[in-house]
Amino acid sequence: MHPHITVVSLGPGPSEYLTLAACHALQKGDPIILRTRFHGAADWLDSQQIPYTTLDHLYETAEDFSTLNQQCAEELWRHAAAAPIIYGVIESWSDSTVAALYRQQPAEGTIRMIPGMSTMDSVMAAVPNINLGAGIRLVPATELGQAHQDPSVTWIITEIDTMILAGQVKLWLMELYPDEMTVSFLPPAHNKDRQPISLPLFEVDQQPAYDHSCALVVPPVPYMERSKFCFHDMQEIMEEFDACFIGVGAGAPNFQGIPGTTLNGVYSASEYLTRINL
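Report on the accompanying structure. (Residues numbered from 1 in each chain as written. Predicted model: local features only at pLDDT ≥ 70, side-chain atom pairs only at ≥ 80, totals over all residues. Heavy atoms only, no water.)

1. Notes on the pattern of salt bridges
Working step 1: Per the stated rule, a full pass over the model turns up six salt bridges.
Working step 2: Linking D205 and K170 is a salt bridge whose minimum nitrogen-to-oxygen distance equals 3.2 Å. Placement of D205 in the loop between strand 9 (197-200) and strand 10 (215-218) and of K170 in helix 7 (residues 163-174) is noted, with a sequence separation of 35 residues between them. K170 carries the same exposure label as D205, and that label is buried.
Working step 3: The network of salt bridges with shared partners includes R37, D43 and D46. (Salt bridge = Lys/Arg side-chain N within 4 Å of Asp/Glu carboxyl O. Helix = DSSP H or I, 4+ residues; strand = E, 2+ residues; numbered from the N terminus. Buried < 20%, exposed > 50% of the residue type's maximum accessible area, 1.4 Å probe, protein only.)

Spelled out as structure tokens, the structure:
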């Protein structure tokens, strides 16, 4: 028998977000493994008296998220070698353990995807005033460190499931954003009618509860309204103006061989600074 895993997207939290296709897959009778017990789908499975196991035990032993993803994939393929399994995650396309499944996919192993309601849809429903015109970046909190900072777009940061992770998200954002800027925090989704909480950025890691369904919406902030900047800001300035001056320090000049740089009246930046200070 070839190893086979059906990945089911369970949606962003409440069991009301389970699709008919997801429910049919979960009722099929194949062994079910959820990434975590802390999801509305687990409560639905309990109500249907459908047995399942989870990967929660790996969270307690893995040294870091990279190791966790690898261990999750190894355990899933080990189970799939005995019989086809169902693997339930919030959203398959953004789930790091699903990416690890593909990286460790055996030669004869197969993966099938069953789509579900997206996290983006649930966030848009809860925070209707999101600035769509500026563009949107959606990224799980555990992968934020690999993302390129761009304050000109709206950021939706998902799966902020612990206070420690919330603190890491806050510090990453405070590298560019004002400490007191207002962001929208989505608390644990106990039902589909949760309300966002408007709070200053520095309070993101001071909330009473966190779980996999928590998310943060960070509005765009133009570079003219910030005191900290990134490479994207320089690109935006260069696109907006015909010319710009880039101050990179007053070290020894490094001429580029451009014709005319040796003519009278043409100075390197260092020479110019020296002359105006005389």
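2. Structural notes on helix 2 (residues 40-47)
Working step 1: Restricting attention to buried positions, one finds in helix 2 the residues G40, A41, A42, W44 and L45.
Working step 2: Against the buried residues of helix 2 lie helix 1 (20-26) and strand 2 (32-34).
Working step 3: Q49 lies just past helix 2 and shows a positive phi near 55 degrees. (Contact = heavy atoms within 4.5 Å.)

3. Topic: the pairing of strand 1 (residues 4-9)
Working step 1: Where burial is concerned, most of strand 1 is hidden: five out of the six residues are buried.
Working step 2: In the sheet, strand 1 pairs with strand 5 (residues 110-114) via five bridges, with the strands oriented parallel. Counted as the bridge partner of H4 is T110 from strand 5.
Working step 3: As defined by bridge partners, strand 1 adjoins strand 4 (residues 85-89) across five bridges and the pair is classed as parallel. (Pairing = 2+ DSSP bridges.)

4. Some remarks on the packing of helix 4 (residues 65-80) against helix 5 (residues 96-103)
Working step 1: At a minimum axis separation of 8 Å, helix 4 and helix 5 run at an interaxial angle of 60 degrees. Classified by the angle their axes make, helix 4 and helix 5 are oblique. Considering only the axes of helix 4 and helix 5, their crossing is right-handed. For the pair formed by helix 4 and helix 5, the contact residues are N69, C72, A73, L76 and W77 on the first element and S96, T97, A100 and L101 on the second.
Working step 2: Considering only residue class, the contact of helix 4 with helix 5 consists of six nonpolar, three polar and no charged. (Axes fitted to C-alpha atoms, helices over the stretch in contact; angles between N-to-C directions. Parallel < 35°, antiparallel > 145°, perpendicular 65-115°, else oblique. Left-handed = near helix turned anticlockwise from the far one by under 90°. Nonpolar A, V, L, I, M, F, W, Y, C, P; charged D, E, K, R; others polar.)

5. Regarding the sheet that holds strand 1
Working step 1: With parallel pairing, five strands are arranged side by side in an open sheet as 3-2-4-1-5. A strand with exactly one partner marks an edge of an open sheet, and here the two such strands are strand 3 (53-54) and strand 5.
Working step 2: Bridge count between strand 2 and strand 3: two bridges; the pairing is parallel. By the bridge assignment, I33 is partnered in strand 3 with T53.
Working step 3: The strands touched by helix 5 are strand 1, strand 4 and strand 5; relative to strand 4, the strand with the most contacts, the crossing angle is about 140 degrees.

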